[in-house]
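What follows is the residue order along each chain.
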Amino acid sequence: MEYSTHVAAATLINSFQPKENTIFSHQISARIRLATELDVPHLHKLVTQMAEYHGLSEIFTTTETSLHNNLFKSNNPPFHSLTALVLEISPNPFPLITKSNNHSFIPIIKNNYNLDKMEVLDPELETFRSKFKGDVENNGNVYVAGHVLVFPSYNGFFEKPGLYLDQMFVRKCYRGMRFGKMFFSAVASQAAKMGMGMVDWLVADWNEESIHFYEKMGAHYIPEYRLCKLYGDQLQAFSKKSD
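Residues numbered from 1 in each chain as written. Predicted model: local features only at pLDDT ≥ 70, side-chain atom pairs only at ≥ 80, totals over all residues. Heavy atoms only, no water.

## What to know about the overall build of the chain
Working step 1: Scanning the chain from N- to C-terminus turns up six helices and eight strands.
Working step 2: Of the regular secondary structure in the chain, the N- to C-terminal order runs α-β-β-α-α-β-β-β-β-β-α-β-α-α.
Working step 3: Across the 243 residues of the chain, 36% fall into the buried class.
Working step 4: Sequence-distant contacts in the chain: of pairs separated by 6 or more residues, those separated by 24 or more amount to 72%.
Working step 5: Working note: accessible area of the chain is about 15100 Å², and carbon and sulfur atoms make up 54% of it. (Helix = DSSP H or I, 4+ residues; strand = E, 2+ residues; numbered from the N terminus. Buried < 20%, exposed > 50% of the residue type's maximum accessible area, 1.4 Å probe, protein only. Contact = heavy atoms within 4.5 Å. Areas by Shrake-Rupley, 256 points an atom, 1.4 Å probe, with all protein chains shown as cover.)

## Observations concerning helix H4 (residues 179–193)
Working step 1: Taking 1.5 Å as the rise per residue, H4 with 15 residues should run 21 Å; its terminal C-alpha atoms sit 21 Å apart, in good agreement.
Working step 2: Within the sequence span of H4, burial applies to Phe 179, Gly 180, Met 182, Phe 183, Phe 184, Ala 186, Val 187, Gln 190 and Ala 191.
Working step 3: Within two residues after H4, Gly 195 carries a phi angle of roughly 75°, on the positive side. (Expected span 1.5 Å × (residues − 1).)

## Comments concerning the pattern of salt bridges
Working step 1: In this structure the tally under the stated criterion is six salt bridges.
Working step 2: Between Glu 88 and Arg 33 there is a salt bridge, with the nearest N and O atoms lying 2.7 Å from each other. Within this pair, whereas Glu 88 is found in strand E3 (residues 83–90), its partner Arg 33 is found in strand E2 (residues 27–34), the two being separated by 55 residues in sequence. In this pair, the class of Glu 88 matches that of Arg 33, namely buried.
Working step 3: Between Arg 171 and Glu 124 there is a salt bridge whose closest N-O contact spans 3.8 Å. In this pair, Arg 171 is assigned in the loop between strand E7 (162–170) and H4 and Glu 124 in the loop between strand E5 (120–122) and strand E6 (143–153), connecting sequence segments 47 residues apart.
Working step 4: Judged by relative accessible area, Arg 171 falls into the buried class, the value being 2%. (Salt bridge = Lys/Arg side-chain N within 4 Å of Asp/Glu carboxyl O.)

## Some remarks on the environment of Pro 223
Working step 1: Summarising the element assignment, Pro 223 is placed in the loop between helix H5 (208–217) and helix H6 (232–239).
Working step 2: For Pro 223, a relative accessible area of 34% puts it in the partly exposed group.
Working step 3: When the C-alpha positions of Pro 223 and Val 203 are compared, they lie 9.4 Å apart, and in sequence the two are 20 residues distant.

## Thoughts on the sheet that holds E6
Working step 1: Read from one edge to the other, the open sheet built from six strands follows the order E4-E2-E3-E6-E7-E8, with strand pairing classed as mixed. With one partner strand each, in any of the chains shown, strand E4 (108–114) and strand E8 (198–200) form the two edges of the open sheet. Neighbour-to-neighbour, the strand axes of this sheet turn through a mean angle of 25°, independent of strand direction.
Working step 2: Here E7 pairs with E8 via three bridges, running parallel. Across the sheet, the residue bridging to Leu 163 is Val 199, located in E8. (Pairing = 2+ DSSP bridges. Axes fitted to C-alpha atoms, helices over the stretch in contact; angles between N-to-C directions.)

## What about the side chain of Asn 141?
Working step 1: On the secondary structure map, Asn 141 appears in the loop between E5 and E6.
Working step 2: Side-chain polar atoms of Asn 141 contact the side chain of Tyr 143, separated by 3.3 Å. (Polar contact = N/O pair within 3.5 Å; in protein donor to acceptor, adjacent residues only side chain to side chain.)

## Remarks on the nonpolar core
The nonpolar side chains of soluble globular proteins are, as a tendency, buried together.
Working step 1: Counting residues in each nonpolar core, the largest one holds 31 residues, and the members touching the most others are Leu 85, Leu 87, Ile 89, Tyr 174, Met 177 and Phe 179.
Working step 2: Among the elements of the structure, E2, E3, E6, E7 and H4 are those that each provide at least two residues to this core.
Working step 3: It is H4 that contributes the most residues to this core, seven residues altogether.
Working step 4: Aside from chain neighbours lying at most four places away, what touches Leu 87 is Ala 30, Arg 31, Ile 32, Tyr 143, Val 144, Ala 145, Gly 146, Val 170, Phe 179 and Phe 183.
Working step 5: Counting residues in hydrophobic clusters, the runner-up holds 13 residues, among them Val 40, Leu 43, Leu 71 and Val 86. (Core = buried A, V, L, I, M, F, W, Y, C linked by side-chain atoms within 4.5 Å.)

## A word on the environment of Val 142
Working step 1: Within the element layout of this structure, Val 142 appears in the loop between E5 and E6.
Working step 2: On the basis of relative accessibility, which here comes to 2%, the residue Val 142 falls in the buried class.
Working step 3: Between the C-alpha atoms of Val 142 and Leu 125, which are 17 residues apart in sequence, the distance is 9.5 Å.

## Examining the packing of aromatic side chains
Working step 1: Taken as a whole and assessed by the stated rule, the structure comprises eight aromatic pairs.
Working step 2: Between Tyr 113 and Phe 179, the aromatic rings sit 5.6 Å apart at their centres with planes inclined by 40°, giving tilted as the arrangement. One end of the pair, Tyr 113, is in strand E4; the other, Phe 179, is in helix H4, with 66 residues separating them in the sequence.
Working step 3: Under the relative-accessibility criterion, Tyr 113 is labelled buried at 6%.
Working step 4: The buried category is assigned to Phe 179, whose relative accessible area is 1%.
Working step 5: Joined through ring pairs, the aromatic side chains of Phe 184, Trp 201, Phe 213 and Tyr 214 make up one cluster.
Working step 6: Positioned above the aromatic ring of Phe 132, the side-chain terminus of Arg 33 is 4.0 Å from the ring centre.
Working step 7: One residue, Arg 175, lies across the ring of Tyr 53, its end atom 5.0 Å from the ring centre. (Phe/Tyr/Trp six-rings, centres within 6.5 Å; stacked < 30°, edge-to-face > 60°. Lys NZ or Arg CZ within 6 Å of the ring centre and 35° of its normal.)

Written out as C-alpha cells, the structure reads:
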C-alpha cells in the first residue's frame, strides 16, 4: 500500500512538470494565502489578464512597482490596507496550518480536490510556478492560479465597517472548479473574524451567471447602482475647477 501511494504521488508530480500544453488530472490541492512581495510578478500578470478579459487594456496603467508599493509599503496590517490573496494549486497536499503569524490570517486549504474525469490543460504552468518560500513538502510543485484584492470599506448606512472585495480572478483553465467560492469564503471568514459587518463587491449587470451565484450565496444584489470613476486627465481637470 505504501509503495502504491508513492507511485501515485510520483505520477501526479510528473504530470505537473513543465511541458507544452501541460495536462493533469486525478486530484489536486488548493490553498488561499496572503500574498508576499515575491508574488508581485505573478499578481501583475493576473491583473493584466483580468484587464484583457474585461476589455480594459486601454486604461490599464498598473506596473509591478505600483503593485509592490500599494501592497507592501503601508504601515497598516493586512486587511487594514490594500491586501492581496493568492490562490495556489499543487499535485501534493498542502501542510495544514492552525496558527499564523500573519495578523491571524490562516490559509484556506482544500487538499485532494477530486477532479473526477475532468482534465485540466494549463499552457502557462511554468510561467505561474509559485516563488513562495516554505513549501519544502511540495518540492516546488506549487502554481499560482488566481488572486483577489481586498481593502477596508465603510458605508454610512451600516453600523460596522467591512471589507471590499475587488478584482477576483481565476485563470481560465481553473474556472468552474469552485475556487471562486473559496475566495469568498476566505474573505467572509476574515471579515467576521475581525468583527466587521459586511463584504461588498461589484458585478457586471450582464453577468447573470455570477449574479445568480451571489444571490444563492445570500448576497443582496442592487441592480440600480452603477460604478462611476473619475480618473486620469479628467480627474486632474475637474480637481482644478472652482465653480
